[in-house]
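Each chain, written out:
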Amino acid sequence: MADTIKILLSDLTYPRVSISPLPVPYGIGELAVYLKRQIRDNIEVDLVRTTDRFYQKIENTQYDIFGFSHYIWNAVLSRTCAQHVRSLFPKSVLVLGGPHIPIHSINQEKYLRSLPEFDFFIEKEGERAFLNLIQKLILCGLDAEQIKETKINSARFFKKGKFIFYPLEDRLVNLDEIGSPYTEGLMDEFLDDGFIPIVENNRGCPFSCAYCGKGEFYHNRVAHHSLDFLRREYEYIARKMATLKHLPFSDALYFADSNTGMYEQDLQICQFLKELQSRYGWPRRIITSTGKDLKEKALECIDLLNGALMLTASVQSTDPEVLRNIKRHNIPSERIMSIAKGRGENLRSFSEIILGLPGDSYEKHLQSILDMMNACINEIRIGQLMILPDTVMAAAGYKEKYQLKTKYRLLTKGFEKVRVGNTFKLAMEYEEICVGTEYMSFDDYVRCRVLGLLVNIFYNNIFSSETFRIFQMSEVPVSEYFRRIVSLQKGDGIDALVQDFCALVKGELFDSARDISTFIERENNYEKLHRKEIGLNLLYYFSDKARTYSSDLITLGKNAAVDLRKGGIASAIEKDLNAYYV
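To keep things clear, this report deals only with the structure shown in the data block. (Residues numbered from 1 in each chain as written. Predicted model: local features only at pLDDT ≥ 70, side-chain atom pairs only at ≥ 80, totals over all residues. Heavy atoms only, no water.)

Our next topic: the packing of helix α1 (residues 26-38) against helix α5 (residues 127-139). Closest axis-to-axis distance for the α1/α5 pair is 10 Å, and the angle between their directions is 50°. On the basis of the axis angle, α1 is oblique to α5. Read as a crossing pair, α1 and α5 show a hand that is right-handed. Between α1, through Glu30, Leu31, Tyr34, Leu35 and Gln38, and α5, the contact on the second element is made entirely by Glu127, Arg128, Phe130, Leu131 and Ile134. Of the residues in the contact of α1 with α5, the class split is six nonpolar, one polar and three charged. (Axes fitted to C-alpha atoms, helices over the stretch in contact; angles between N-to-C directions. Helix = DSSP H or I, 4+ residues; strand = E, 2+ residues; numbered from the N terminus. Parallel < 35°, antiparallel > 145°, perpendicular 65-115°, else oblique. Left-handed = near helix turned anticlockwise from the far one by under 90°. Contact = heavy atoms within 4.5 Å. Nonpolar A, V, L, I, M, F, W, Y, C, P; charged D, E, K, R; others polar.)

Below you can see the structure in the form of structure tokens.
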């Protein structure tokens, strides 16, 4: 064994087919910093984010231990690159960690048997468990089989064919214990390459939403960094970003928090970020979700940050039965409306709604959309219900209980041919999504997808604050306009657009992940993916294509508003549509 243990940690992403704001590999950065603080001598840790750099690293350096992240957006990519490592370095130790694993041991065993390239999987929070694993490997001379005779909390592995799993390691209480990958300089190369800073102000979520991995009891306690720690980290990042203003998205910052603005310290963090805005002109955009209870602190944070932070009303649904099924408690939509009214025209807001939740139907989904429109939310983002493996929805019997019908589809931008040994192999990510419930047929699912398209075309970020004010003064619900959009004849151009959209919505669905692979491996289909002929984000593609029919859209909008003449609503809508589409 070499005197110095060399570790490569990979948080891989697919090549960007278009410019998009991807975060730095903060998670593996935290692992690296924590390891270096606890094991000070005889250890080197390298980090990699892209497949190009990954292959360069392993060609130039002999690593002893390889760690890979495991998310829905890179699960197959990590495995495929690990297969290449295993072909070159059969005696190296390979470790996988991340949320993309079932929560019950029986399902874990089945899943991990499909990943024979890896020696160990670390479940849930990784810093302490990974440190423990590395320390034991060092003591055992990097003999993976030997340390399998010892207890390793949070580790899952096979010993002589038998599945072994140990209790989860205790979570960190004080996040400062990890250290900062920024102030240690580990994120500099990724910022230079155009990746966006992401910071974890706190970790955990007190809510129990059934569709979310953070809804499990394990994550319910919220741990925090100290304010002094975060000030040092943000100061470092701001100075660095001031030198990178020539890069796309260099004005942006991600928060990894689940509920921004819900805690007292969040207000102090935002006060400091306001100072950084004055001194460095950064950040100008903060990508996050504000706290689900929309307490006053969240609104104060929004007010402080000069438009960088948006109000998030992530209701997912406004139907009481659906909310009970997913163990979620929303604040009343009337409260959201009062916030929007009270904060005036400078408040930017968006809402998130999930299609296909247990108990959902076409009528319930439409009502959730209308409720958010009546709350004067600027943008309504509608997503598909994904059945994530680390949620209760993926547990045995859950889909049967709520009669959830699911299909598989390719993740947009989640594909690449990567080297494995002397050949190239297709890595392709997929998702399992709900396309029907007890109360929602597949045809209703497609109709709901059309609602999402119409929201994008006729509502999102189109109405000015003056138009919202006119609706409120006239005591006419915004939803009345959209109801008319849905029910009116659209005209030949828009009808054809909707028909093409529906055809591709149906065409992007498969019965299994294997069926997707078979389809992509057919002649020319991989090339079609690269040419963006298939595998599109249909909502964005058709929303953009709708601009071809801008005159028809404006006419339809005018017709929808014809009976809403009270207080000048019709003329205001026509003005907004012209401003947006002409």
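This brings us to the sheet that holds strand β13 (residues 311-316). If you trace the three strands from one edge of the open sheet to the other, you get β13-β14-β15, paired in parallel fashion. Both edges of this open sheet fall to β13 and β15 (379-384), since each of them pairs with a single strand only. Each strand of the sheet is rotated relative to its neighbour by a mean of 20°, with strand direction disregarded. Where strand β14 (residues 349-355) and β15 come together, six bridges link them in parallel fashion. Of the residues in β15, the one forming a bridge with Ser351 is Ile380. Against the sheet, helix α13 (residues 362-374) engages β13, β14 and β15, with an angle of about 175° to β14. (Pairing = 2+ DSSP bridges.)

In this description, an aromatic ring pair is defined by two values, namely the gap between the centres and the angle between the planes. Under the defined criterion, the tally for this structure stands at 24 aromatic pairs. Between Phe158 and Phe163, the ring centres sit 5.3 Å apart and the planes meet at 50°, which makes this aromatic pair tilted. Aromatic pair Phe442 and Tyr445: ring centres 5.8 Å apart, planes at 25°, arrangement stacked. With a gap of three residues between them, Phe442 and Tyr445 both fall in helix α15 (residues 442-458), about one helical turn apart. The partly exposed category is assigned to Phe442, whose relative accessible area is 30%. Across the ring face of Tyr218, the terminal group of Lys124 is positioned such that the distance to the ring centre comes to 5.8 Å. (Phe/Tyr/Trp six-rings, centres within 6.5 Å; stacked < 30°, edge-to-face > 60°. Buried < 20%, exposed > 50% of the residue type's maximum accessible area, 1.4 Å probe, protein only. Lys NZ or Arg CZ within 6 Å of the ring centre and 35° of its normal.)

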